[in-house]
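Residue-level structure breakdown
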Amino acid sequence: MPSGWQRAEAAEEDDLDSMILRTGKGRLEVYLPRQRSRPKTDAAKFYEQLELSWQRRYGKQMALDWLEAGGQRWRLCRRPSSTGAGQVFQVVTLHGGEAYQLVVLTDDSTDRLPEDVHAMLASVAWGAGQPAPLLAVTPTAAEPPAVAGTLAAAQPTAVEPAAIQPTAVPAGRRWRLLRSVVALPTGKAWTRLARAEEGLLGPGGKVRGLGINAMTGGLDAYLEGAWQGQAANAAPQSFHRRWRVRWPDLPQTWQSGGELAFDLALLSEASGAAPDGGLSVRIDLTPACAPRLQVVRWLDGLAAGGVAGLPKLADMACATAPEGGPAAVTVSGQAQGVSGELHRPVRLAVPATWEQGIRAGKEGEVRRLVLRARFLVSEEGKSAGDAMLREAAAVFVYGPED
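No experiment lies behind these values; they were computed from the predicted model shown.

**As for the overall build of the protein chain**
A count of helical and extended segments in the protein chain gives seven helices and 21 strands. When the 402 residues of the protein chain are sorted by exposure, 49% land in the buried category. Residue pairs at least 24 apart in sequence account for 66% of intrachain contacts in the protein chain once pairs closer than 6 positions are excluded. Total accessible area computed for the protein chain in this model is approximately 18,300 Å², and 48% of it derives from carbon and sulfur atoms.

**What to know about the sheet that holds strand 17 (residues 279-291)**
Backbone hydrogen bonds are what pair the strands of a sheet, in a parallel or an antiparallel way. Spatially, six strands are ordered 15-11-21-20-17-18 in an open sheet, and the strand pairing comes out antiparallel. Looking at strand neighbours, the two that pair on one side only are strand 15 (253-255) and strand 18 (329-333), the edges of this open sheet. Taking the axes of each pair of neighbouring strands and ignoring which way they run, one obtains an average angle of 30° across the sheet. In the sheet, strand 17 pairs with strand 20 (residues 365-376) via twelve bridges, with the strands oriented antiparallel. Bridging from a neighbouring strand, Asp284 pairs with Arg372 of strand 20.

**A few points about the nonpolar core**
Ranked by size, the top nonpolar core spans 49 residues in total, and within it Leu264, Val281, Ile283, Leu371, Phe375 and Tyr398 carry the most contacts. Top contributing element to this core by residue count: strand 17, with five residues. Contacts of Leu371, omitting those with residues within four sequence positions, involve Leu250, Leu260, Phe262, Ile283, Asp284, Leu285, Leu348, Ala394, Val395, Phe396 and Tyr398. Counting residues in hydrophobic clusters, the runner-up holds 18 residues, among them Trp5, Val30, Leu76 and Val117.

**Some details on the sheet that holds strand 6 (residues 87-95)**
The sheet built from seven strands is open, its strands ordered 1-2-3-7-6-5-4 with antiparallel pairing. The sheet terminates laterally at strand 1 (6-7) and strand 4 (63-69), the two strands that pair on one side only. Bridging between strand 2 (residues 19-22) and strand 3 (residues 28-32) involves four bridges; their strand directions are antiparallel. What sits directly across from Leu21, in strand 3, is Val30. Contacts from helix 2 (residues 43-58) reach strand 4, strand 5 (72-80), strand 6 and strand 7 (98-106), with the element oriented near 165° to strand 6. Of the strands in this sheet, strand 2, strand 3, strand 4, strand 5, strand 6 and strand 7 touch helix 3 (residues 115-122), which is tilted by about 50° from strand 4.

**Here we look at the state of the cysteines**
A complete count under the given rule lists one disulfide for this structure. The disulfide partner of Cys289 is Cys318, and the S-S distance across this bridge is 2.1 Å. Measuring the twist about the S-S bond at about 85°, one finds the Cys289-Cys318 disulfide to be right-handed. Here Cys318 lies in the loop between helix 5 (292-305) and strand 18 and Cys289 lies in strand 17, a separation of 29 residues in the sequence. Cys318 carries the same exposure label as Cys289, and that label is buried.

**Thoughts on helix 4 (residues 190-201)**
With twelve residues, helix 4 ought to run about 16 Å at 1.5 Å a step, and its terminal C-alpha atoms sit 16 Å apart, in line with that. Within the sequence span of helix 4, burial applies to Leu193, Ala194, Glu197 and Leu201. In an axial view of helix 4, the angular spread of the buried residues amounts to 105°, which keeps them on one side of the axis. Residues of helix 4 that are exposed and angled more than 90 degrees away from the buried face: Arg195 and Gly199.

**Observations regarding the pattern of salt bridges**
Under the defined criterion, the tally for this structure stands at 13 salt bridges. With a shortest N-O distance of 3.5 Å, Arg73 and Glu68 are connected by a salt bridge. Residue class for Arg73 comes out partly exposed when judged on its relative accessible area of 44%. Here Arg372 ties to Asp284 by a salt bridge, and the two come within 3.0 Å at their closest N and O atoms. In this pair, Arg372 sits in strand 20 while Asp284 sits in strand 17, placing the two residues 88 residues apart along the sequence.

**Overview of the packing of aromatic side chains**
Under the defined criterion, the tally for this structure stands at four aromatic pairs. Centroid distance Trp247 to Phe396: 5.5 Å. Interplanar angle 80°. Geometry classified as edge-to-face. One end of the pair, Trp247, is in the loop between strand 14 (237-246) and strand 15; the other, Phe396, is in strand 21 (residues 393-400), and 149 residues separate them in sequence. Both residues of the pair, Trp247 and Phe396, belong to the buried class.

**Comments concerning the environment of His118**
Checked against the element boundaries, His118 lands in helix 3. For the pair His118 and Leu67, spaced 51 residues apart in sequence, the C-alpha separation works out to 8.7 Å. If we skip the residues at most four places from it in the chain, His118 touches Leu67, Glu68, Ala69 and Leu113.

**Some words on the pairing of strand 11 (residues 174-183)**
Pairing analysis gives three bridges linking strand 11 to strand 15, with the strands arranged antiparallel. Bridging across to strand 15, Trp175 finds its partner in Trp254.

**Overview of the side chain of Gln101**
Assignment of secondary structure puts Gln101 in strand 7. Of note is the side chain of Gln101, whose polar atom sits 2.3 Å from the side chain of Gln90.

**Describing the environment of Ser378**
Following the sequence through the fold, Ser378 ends up in the loop between strand 20 and helix 7 (386-389). Leaving out residues up to four positions away in the same chain, Ser378 has contacts with Ser383, Asp386 and Arg390. Among the polar contacts listed, one links the side chain of Ser378 to the backbone nitrogen of Lys382, at a separation of 3.3 Å. A polar atom in the side chain of Ser378 sits 2.5 Å from the side chain of Asp386.

What counts, and at which threshold
- Residues numbered from 1 in each chain as written.
- Predicted model: local features only at pLDDT ≥ 70, side-chain atom pairs only at ≥ 80, totals over all residues.
- Heavy atoms only, no water.
- Helix = DSSP H or I, 4+ residues; strand = E, 2+ residues; numbered from the N terminus.
- Buried < 20%, exposed > 50% of the residue type's maximum accessible area, 1.4 Å probe, protein only.
- Contact = heavy atoms within 4.5 Å.
- Areas by Shrake-Rupley, 256 points an atom, 1.4 Å probe, with all protein chains shown as cover.
- Pairing = 2+ DSSP bridges.
- Axes fitted to C-alpha atoms, helices over the stretch in contact; angles between N-to-C directions.
- Core = buried A, V, L, I, M, F, W, Y, C linked by side-chain atoms within 4.5 Å.
- Disulfide = S-S within 2.5 Å.
- Expected span 1.5 Å × (residues − 1).
- Arc of directions from axis to C-beta.
- Salt bridge = Lys/Arg side-chain N within 4 Å of Asp/Glu carboxyl O.
- Phe/Tyr/Trp six-rings, centres within 6.5 Å; stacked < 30°, edge-to-face > 60°.
- Polar contact = N/O pair within 3.5 Å; in protein donor to acceptor, adjacent residues only side chain to side chain.

This is the structure we're talking about:
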């Protein structure tokens, strides 16, 4: 390892599938990759396409430069981080027909590559021996696939690289919550839903009131009326059902390569001779790639028109649909014998390799991860409350930090 640098803990590097080096005061990090591949074009075309992909992605925010270090010429792209609290440097070179890349993150506002990183590059020797793989980029698309080669350090210990995002963001990209919407039934739907709920109550069932309200970090629903039950000639009995879901610690930011983790607080209460049934929440995470305005209009439509607009998410499918994505999860709380809220953990494993494979297909598209929560009383959809709750959804849209 180069002198003066410290490595991150093994668990962090494993999560990111990357070697992470840090040095100096403040934030100065270098990410080195493990992945390998090779560009299929000559040097001039390679750099031309690389610069074009940077221009398309970062526009006027970026600045280009050349860097000489250790007898090797590196192409350098500098841009502000998405938070505005520092700079991101993407450093790429060709050597022996292979392309190499590293990413530098610093909280300094400098317009020059930090001297510690320059010294690291100057100490690199391109030798034979046991190579350590280093990621690079074949710029044949706005977000090009990775290529790689080998690199050994001049120090006695070889630089062991680790994987980083081919878009110059380390594997295990950080995502930030951009917007959330709770989609509820519209005014015209409630008469239809009342009739549907009466059908679920069975003969003699009568709905006197129902409703769903969004609240800060959750929603609240109720259903009340009369229910005859299964006994022949039984007199109708009044009942009142109430459901509540809260997500108080939904992450504002999180990182792929680990888990999207938070807790749900579930409440399902019943009084009177009410039908059985608790409350469950089904959660999934779906990638979307589309122009930013299309995503905004889709969310506006959910807020105004309810869940009828949810299928339009399919129209924003990304150009690639990588396998191995997080599986949908369902968390449940039962009504009977329970007093107060039930707290249930939600754990969605988000593999970095899956997240890295999400690719936009056209220039101008943004990438988003859409977390959806749907609500149900029973899997069969035949319990009191199902008709109403199945026409509600919470949608949370995350975008990459860098």
